[in-house]
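# Examining the three-dimensional arrangement
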Amino acid sequence: MEKPEKRGMIDTWLDKHRSLYTAATRHDFVVSIRDGSVDLSSFKTWLGQDYLFVREFVPFVANVLIRAGKESGETSDMEVVLGGLASLNDEIEWFKNEGSKWGVDFSTVVAQKANQEYSRFLEALMSSEVEYSVVLTAFWAIEAVYQESFAHCLGDGNKTPAELTGACNRWGNDGFRQYCLSVKNIAERCLENASGDALVEAEDVLVRVLEHEVAFWEMSRG
Ligand SMILES: Cc1ncc(CO)c(N)n1
């Protein structure tokens, strides 16, 4: 059984930025997957861009892993992040399979502006100047947006096309949901001990992740 969640900073911030959170997790592209009206060329665009994103996300998560070993209070924190890194290894394989299934040649896909900007943002977060609690808040938000979005495509009454349920299961499955909750709990614990300045920065970073996620979905419009 899951531990009952206590409300922390992240939930407070999500309430405050609810409409942006909804924009990130219920984007037209996601809704179109759920209702079956998705344009397959949009899906292919997303697939190619997300493959490039994931390649940039790996070093970011590796950086979180290193910091989890040094800066986290509990030994299990590192294992949670290691699990995330391991699933990225599977994810890259999954992308390659999907690429050939859909005829998307990743070697010719060029990162669009929103993707480049998101990568630059991730790189900035890898600086040792950025507090660990801030990095973890970003890490949680990045994962949680995909979890919430794709779980929505699998929810009751969905008309998600069969050939897209693999993508939805990848992030919408219950194991990924549990993993996101574990990351959230670690972030919340770190935020409890964070300075006022770090809290201001963490909220700002959360908002910026949500904005980057909206811009990322927007690329699927072509
Ligand atoms: C844009 C984007 N955000 C988050 C994830 C993973 O959670 C992903 N694969 N791509």
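- As recorded in an unreviewed UniProt entry, the protein goes by aminopyrimidine aminohydrolase and comes from Brassica campestris.
- Checking UniProt for the protein, the heading Sequence similarities (unreviewed entry) contains the comment "Belongs to the thiaminase-2 family."
- What UniProt records for the protein under Pathway (unreviewed entry) is the sentence "Cofactor biosynthesis; thiamine diphosphate biosynthesis."

### Observations regarding the UniProt feature "domain: Thiaminase-2/PQQC" (unreviewed entry) in the protein
- With numbering aligned to this structure, UniProt lists the feature "domain: Thiaminase-2/PQQC" (unreviewed entry) at residues 15-221.
- Along residues 15-221, the helical share is 79% and the strand share 0%, with 28 Å between the first and last C-alpha atoms.

### As for the packing of aromatic side chains
- One pass over the structure, following the stated rule, counts 28 aromatic pairs.
- Grouped by ring-pair contacts, the aromatic residues Phe29, Phe43, Trp46, Tyr51, Trp94, Phe95, Trp102, Phe106, Tyr146, Phe150, Trp171 and Trp217 constitute a single cluster.

### Comments concerning the site of the ligand
- Close to the ligand lie Asp50, Phe53, Val54, Glu91, Ile142, Glu143, Tyr146, Trp171, Glu213 and Phe216, which account for all nearby residues.
- Between an oxygen atom of the ligand and a main-chain N or O atom of isoleucine 142, the distance comes to 3.4 Å.
- At a separation of 2.6 Å, an oxygen atom of the ligand approaches a polar side-chain atom of glutamate 143.
- Protein chains bury 100% of the 290 Å² of accessible surface belonging to the ligand in isolation.
- With respect to the detected pockets, the ligand is housed in the largest cavity.
- Of the residues assigned to the shell around the ligand, the class counts are 6 nonpolar, no polar and 4 charged.

### Topic: the environment of alanine 62
- Relative to the helices and strands, alanine 62 is located in helix H4 (residues 40-71).
- A relative accessible area of 25% means that alanine 62 is categorised as partly exposed.
- As a C-alpha pair, alanine 62 and glycine 84 span 22 residues in sequence and 9.6 Å in three-dimensional space.

### Regarding empty space enclosed by the protein
- Inspection of every chain in the model, using the stated rule, returns 1 cavity of 30 Å³ or more.
- As a volume, the largest cavity reaches approximately 120 Å³.
- Forming the boundary of the largest cavity are 13 residues, of which Phe57, Glu91, Glu143, Tyr146 and Trp171 lie nearest the centre.
- Going through the elements one at a time, H4, helix H5 (75-102) and helix H7 (132-154) are the ones with two or more residues in the lining of the largest cavity.
- Broken down by element, the residue count for the lining of the largest cavity peaks at 4 residues, all from H4.

### Describing the packing of H7 against helix H9 (residues 174-192)
- Put simply, H7 and H9 touch, their axes get as near as 9 Å, and they point 155 degrees apart. What the angle tells us is that H7 and H9 run roughly antiparallel. Between H7 and H9 lies a crossing of left-handed hand. Facing Tyr132, Ser133, Leu136, Thr137, Phe139, Trp140, Glu143, Ala144 and Gln147 of H7, the residues of H9 in contact are Phe176, Arg177, Tyr179, Cys180, Val183, Lys184, Ile186, Ala187, Cys190 and Leu191.
- Its residues assigned to classes, the contact of H7 with H9 comprises 13 nonpolar, 3 polar and 3 charged.

What counts and how
- Once a new chain begins, its residue numbering starts again from 1 and follows that chain's sequence as written.
- pLDDT decides what is reported in this predicted model: residues at 70 or higher carry local features, side-chain atom pairs at 80 or more are listed and counted, and totals for whole chains, interfaces and linings draw on all residues regardless.
- Only hydrogens and water are removed before side-chain values are computed, so all heavy atoms of the structure are retained for them.
- UniProt positions are given in the numbering used here, feature names are shortened, and annotations may be inferred rather than shown by experiment.
- A helix here means a DSSP run of H or I that spans at least four residues, while a strand means a run of E at least two residues long, and both kinds are numbered starting from the N terminus.
- Geometry of aromatic contacts follows a simple scheme: Phe, Tyr and Trp rings, the Trp one being its six-membered ring, pair when their centres are within 6.5 Å, and the pair is stacked under 30 degrees between planes, edge-to-face over 60, tilted otherwise.
- For each residue, the test is whether any non-hydrogen atom lies within 4 Å of the molecule or strand; if one does, the residue is near.
- Definition of a polar contact: a pair of N or O atoms within 3.5 Å, with one able to donate and the other able to accept a hydrogen when the atoms are protein atoms, and with sequence-neighbouring residues admitted only if both atoms are side-chain atoms.
- Here the open area of atoms and residues is found with the Shrake-Rupley method and a 1.4 Å probe, where only the protein chains shown may cover a residue.
- For cavity detection a 1 Å grid was placed over the protein atoms alone, and a set of points counts as a cavity when a 1.4 Å probe fits there but cannot get out; an open set counts as a pocket when protein lies on both sides within 12 Å along at least five of seven lines, with lining residues being those that have an atom within 4 Å of a point.
- By definition, a pocket or cavity contains a molecule when more than half of the molecule's atoms lie within 2 Å of the pocket's grid points.
- Three classes are used, and their members are as follows: Ala, Val, Leu, Ile, Met, Phe, Trp, Tyr, Cys and Pro are nonpolar, Asp, Glu, Lys and Arg are charged, and the others, Gly among them, are polar.
- Only protein chains enter the accessibility calculation, which uses a 1.4 Å probe. A residue is then buried if its area is under 20% of the maximum for its type, exposed if over 50%, and partly exposed in between.
- Grid points are joined across faces, edges and corners, and a volume is the space filled by probe spheres set on the points.
- Here an angle of 0 to 180 degrees is reported between the N-to-C directions of two axes, which are lines fitted to C-alpha atoms, with helices fitted over the stretch in contact.
- What sets the label is the angle itself: under 35 degrees gives roughly parallel, over 145 gives roughly antiparallel, 65 to 115 gives roughly perpendicular, and the rest give oblique.
- The handedness criterion is simple: a crossing whose near helix is rotated anticlockwise from the far helix by less than a right angle is left-handed, and one whose near helix is rotated clockwise is right-handed.
- Any pair of residues with heavy atoms lying within 4.5 Å of one another is described as a contacting pair.

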